[in-house]
Amino acid sequence: MNHRLPSFPTAMHNKVICTKCKKRLWKEEILFAPHPFKDNHYLYACPHCKDDKSLLTACASHHCWNPALFPLTDEKGKSTLYCEQHAKDPHGILPS
């Protein structure tokens with residue numbers, strides 16, 4: 001049996017937040033299973049509350065766990081999601 005993590009949706013980077021139980025999760029902690037009706041699709045759920053509709057991607061900024069709602073695209077065309085604060089200054093170079 002293959003226990004390798006499936007490819008996560010591009011928007012789901014390395015960390016997520018469960019909006020139901022408020023847990024912070026790394027991608028490797030998320031429960032996943034093949035979708036029963038769609039080939040090559042997966043269902044994802046929180047391992048604590050088992051809810052499959054409450055996972056939000058967290059900000060891509062290193063220590064930030066705020067919900068990521070703002071995509072920024074780099075010069076190579078890769079999109080990364082940031083929270084409102086880090087979308088304005090993803091590299092932390094603007095003065096506070």
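Model, not experiment: these values are computed from the prediction.

Draft legend 1. Structural view of the overall build of the chain. A count of helical and extended segments in the chain gives one helix and seven strands. Listed by position from the N terminus, the elements making up the chain come as β-β-β-β-β-β-β-α. Here the chain, with 96 residues, has 30% of them falling under the buried criterion. For the chain, contacts bridging at least 24 residues in sequence account for 39% of all contacts bridging at least 6. As displayed, the chain offers around 7,200 Å² of accessible surface, 54% of which is attributable to carbon and sulfur atoms.

Draft legend 2. Expanded view of the sheet that holds strand S2 (residues 24-26). With respect to topology, three strands assemble into an open sheet ordered S2-S1-S5, the strand pairing being antiparallel. The open sheet has two free edges, formed respectively by S2 and strand S5 (55-57), since each of these has just one partner strand. Sheet twist, expressed as the mean angle between neighbouring strand axes with direction ignored, is 35°.

Draft legend 3. Representation of the nonpolar core. Of all hydrophobic cores here, the largest spans seven residues; its members are Val-16, Cys-18, Leu-25, Ile-30, Tyr-44, Cys-46 and Leu-55. What Leu-55 contacts, discounting residues up to four positions off in sequence, is Val-16, Ile-17, Cys-18, Leu-25, Ile-30, Tyr-44, Ala-45 and Cys-46.

Draft legend 4. The arrangement of the pattern of salt bridges in detail. Throughout the structure, instances matching the rule amount to two salt bridges. Between Lys-20 and Asp-51 there is a salt bridge, with its nearest N and O atoms 3.8 Å apart. A residue pair is termed long-range when its members are at least 10 positions apart, and Lys-20 in the loop between strand S1 (15-18) and S2 and Asp-51 in the loop between strand S4 (42-45) and S5 qualify at 31 residues. Judged by relative accessible area, Lys-20 falls into the exposed class, the value being 55%. Here Asp-52 makes a salt bridge to Lys-53, at a shortest N to O gap of 3.5 Å.

Each value, and the rule that gives it
- Residues numbered from 1 in each chain as written.
- Predicted model: local features only at pLDDT ≥ 70, side-chain atom pairs only at ≥ 80, totals over all residues.
- Heavy atoms only, no water.
- Helix = DSSP H or I, 4+ residues; strand = E, 2+ residues; numbered from the N terminus.
- Buried < 20%, exposed > 50% of the residue type's maximum accessible area, 1.4 Å probe, protein only.
- Contact = heavy atoms within 4.5 Å.
- Areas by Shrake-Rupley, 256 points an atom, 1.4 Å probe, with all protein chains shown as cover.
- Pairing = 2+ DSSP bridges.
- Axes fitted to C-alpha atoms, helices over the stretch in contact; angles between N-to-C directions.
- Core = buried A, V, L, I, M, F, W, Y, C linked by side-chain atoms within 4.5 Å.
- Salt bridge = Lys/Arg side-chain N within 4 Å of Asp/Glu carboxyl O.

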